[in-house]
Amino acid sequence: MLMKYFEEPGCSEEFLKWLHTEANYRKFFESQKGFATPCTVKWESDKLWDVDPVMTPYKVAARLGKAPGYAGPPNAKAAEGLFEVHHHDMYAKAVQGMPARNRLSGRGELKKIYVA
């Protein structure tokens, strides 16, 4: 992703093209041992996923990810919902010992954000 305010976007574009050539990206991808989610489906069939079976589920992580606010617009309310409900509220409840089943119901908090 390139920001519109870059003074020399051409340099950034060239860097991204260079980085994402298979030979260059492979070095990065293999050094991460599966902890860096591959950005295209091509990498889902890479031999790296056969090395450690624990990492196998992560090979499709990029396909499953959704932006905050999905399937609606990624806006300030979506960001607030992600932070307030997920990061702040759910982690606070976990530290206080609330069972996971009870922590996952953040509908009331989301309604306050989206309806207000």
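Draft legend 1. Structural detail: helix 2 (residues 22-32). Taken together, the buried positions of helix 2 are Asn24, Tyr25 and Phe29. All buried residues of helix 2 project into a common sector of 130° when viewed along the axis, lining one side. Helix 2 presents Ala23 and Lys27 as exposed residues on the side facing more than 90 degrees away from its buried surface. At its buried positions, helix 2 is contacted by helix 1 (9-19). Phi turns positive, to about 55°, at Lys33, one or two residues after helix 2.

Draft legend 2. Structural context of the side chain of Asp46. Its place among the elements puts Asp46 in the loop between helix 2 and helix 3 (61-64). If sequence neighbours within four positions are ignored, Asp46 has contacts with Arg26 and Phe29.

Draft legend 3. The packing of aromatic side chains, seen in detail. Within this structure, the stated rule accounts for 6 aromatic pairs. Between Phe29 and Trp49, the aromatic rings sit 6.0 Å apart at their centres with planes inclined by 70°, giving edge-to-face as the arrangement. Taken together, the residues Phe29 in helix 2 and Trp49 in the loop between helix 2 and helix 3 connect sequence positions 20 residues apart. As far as burial versus exposure is concerned, Phe29 and Trp49 are alike and both buried. An aromatic cluster of three or more residues is present, and its members are Tyr25, Phe28, Phe29, Trp43 and Trp49.

Draft legend 4. Molecular detail of the pattern of salt bridges. A complete count under the given rule lists 7 salt bridges for this structure. Residues joined in a network through salt bridges with shared partners are Glu22, Arg26, Glu30, Lys42, Asp46 and Lys47.

Draft legend 5. Seen up close, the environment of Ala92. Along the chain, Ala92 turns up in helix 4 (residues 76-95). Sequence separation between Ala92 and Ser31 is 61 residues, and the spatial gap between their C-alpha atoms is 34 Å.

Draft legend 6. Examining unusual backbone geometry more closely. Notably, Lys33 is not glycine yet its phi reads approximately 55°, a positive angle. For Lys33, the location among the structural elements is in the loop between helix 2 and helix 3. For Lys33, a relative accessible area of 58% corresponds to the exposed category.

Draft legend 7. Local environment of the side chain of Ser12. Looking at the secondary structure, you find Ser12 in helix 1. Setting aside residues up to four positions removed in sequence, Ser12 forms contacts with Leu2 and Phe6.

Draft legend 8. Broad picture of the environment of Met90. Tracing the chain through its elements places Met90 in helix 4. Met90 gets classed as buried once you look at its relative accessible area, which sits at 18%. Between the C-alpha atom of Met90 and that of Ala100, which follows or precedes it by 10 residues, the distance is 8.8 Å.

Thresholds, definitions, all that
- Residues numbered from 1 in each chain as written.
- Predicted model: local features only at pLDDT ≥ 70, side-chain atom pairs only at ≥ 80, totals over all residues.
- Heavy atoms only, no water.
- Buried < 20%, exposed > 50% of the residue type's maximum accessible area, 1.4 Å probe, protein only.
- Helix = DSSP H or I, 4+ residues; strand = E, 2+ residues; numbered from the N terminus.
- Arc of directions from axis to C-beta.
- Contact = heavy atoms within 4.5 Å.
- Phe/Tyr/Trp six-rings, centres within 6.5 Å; stacked < 30°, edge-to-face > 60°.
- Salt bridge = Lys/Arg side-chain N within 4 Å of Asp/Glu carboxyl O.

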